[in-house]
Amino acid sequence: VQLQASGGGLVQAGASLRLSCATSRGAFSRYGLGWIRQAPGKEREFVAAIHPSTSRTYYADSVKGRFIISGDNAALTIDLQMNDLKPEDTAVYYCAARREMVLKVDTIYLWEYWGQGTLVTVSS
């Protein structure tokens, strides 16, 4: 499964950043797609997910109201719009996919396919 993440960078607290994950037509139409992050010295943490076929979305409590996940059917990408960024959002953000996404969306080991990650650094 192709997953190519891009868009990370260094921003100040309160700023916005948009991540994008390019994938294949097959994955986009059949898989659940999402973003998982890993901060320095911490375990991987679920951020947000979407079923592109239904547009149903899921969010971690820590990002609700600030982050928006969306799918672009023409470009075959899922995007993560991150607003009002905080220093605690600093992490490597991974794009991930899974064939079944009904239960335990935030359970990391159930995500089957992973992209290479993109670094987001938020300075205070």
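In this report, we go over the structure that sits alongside the text. (Residues numbered from 1 in each chain as written. Predicted model: local features only at pLDDT ≥ 70, side-chain atom pairs only at ≥ 80, totals over all residues. Heavy atoms only, no water.)

### Thoughts on the overall build of the protein
Note the following rule: Put simply, DSSP marks the helices as runs of H or I at least four residues long and the strands as runs of E at least two long, and each gets a number from the N terminus on. Radius of gyration: C-alpha atoms only; globule rule: 2.2 Å multiplied by the number of residues to the exponent 0.38. Burial here depends on accessible area, computed with a 1.4 Å probe over protein chains only, as a share of the maximum for the residue type. Under 20% is buried, over 50% is exposed, and the range in between is partly exposed.
Along the backbone of the protein there are one helix and 11 strands. Moving toward the C terminus, one meets the helices and strands of the protein in the order β-β-β-α-β-β-β-β-β-β-β-β. Expected size for 124 residues packed as a compact globule is a radius of gyration near 14 Å; at 13 Å, the protein falls within 12% of this value. If one aligns the C-alpha atoms of the protein with their principal axes, the spans along those axes are about 40 × 30 × 25 Å. Burial analysis of the protein (124 residues in total) assigns 45% to the buried set.

### Notes on the pattern of salt bridges
The test is simple: Between Lys or Arg on one side and Asp or Glu on the other, a salt bridge is scored when a side-chain nitrogen of the former is within 4 Å of a carboxyl oxygen of the latter.
Under the criterion given, the structure shown has eight salt bridges. One salt bridge connects Asp61 with Lys64, and the closest N-O pair in it is separated by 3.3 Å. For the pair Asp61 and Lys64, one class covers both residues: exposed. The partner of Asp89 in a salt bridge is Arg66, and the shortest N-O contact between them spans 2.8 Å. Of this pair, Asp89 sits in the loop between strand E8 (77-82) and strand E9 (91-98) while Arg66 sits in the loop between strand E6 (56-59) and strand E7 (67-72), placing them 23 residues apart in sequence. Through salt bridges with shared partners, a single network forms among Arg37, Glu45, Arg66 and Asp89.

### Quick word on unusual backbone geometry
Trans peptide bonds make up the majority, and among non-glycine residues the majority have a negative phi. Even without being glycine, Ser55 reaches a positive phi, approximately 65 degrees. Structurally, Ser55 is set in the loop between strand E5 (44-51) and E6. For Leu76, which is not a glycine, the phi torsion comes out positive at approximately 60 degrees. Accessibility expressed as a relative area gives 15% for Leu76, which makes it buried.

### Focus on the packing of aromatic side chains
Note the threshold: Centres within 6.5 Å make a pair out of two Phe, Tyr or Trp rings, where for Trp the six-membered ring is used; the pair is then stacked when the planes are under 30 degrees apart, edge-to-face when over 60, and tilted otherwise. Whether a charge sits over a ring depends on NZ of Lys or CZ of Arg being within 6 Å of the ring centre and within 35 degrees of the ring normal.
Summed over the entire model, instances satisfying the criterion amount to three aromatic pairs. When the ring of Tyr31 is compared with that of Tyr113, the centres are 5.7 Å apart and the planes differ by 20 degrees; the resulting orientation is stacked. Of this pair, Tyr31 sits in the loop between helix H1 (25-30) and strand E4 (32-38) while Tyr113 is found in strand E10 (residues 113-114), placing the two residues 82 residues apart along the sequence. Given a relative accessible area of 26%, Tyr113 falls into the partly exposed group. Both rings, one in Tyr94 and one in Trp114, keep their centres 6.0 Å apart while their planes meet at 80 degrees; by these two values the pair is edge-to-face. Pair noted here: Tyr94 is in strand E9 and Trp114 is in strand E10, with a separation of 20 residues, a long-range link. Classification of Trp114 by relative accessible area gives partly exposed; the value is 27%. The ring centre of Trp114 lies 4.4 Å from the NZ or CZ of Arg44, which sits over that ring.

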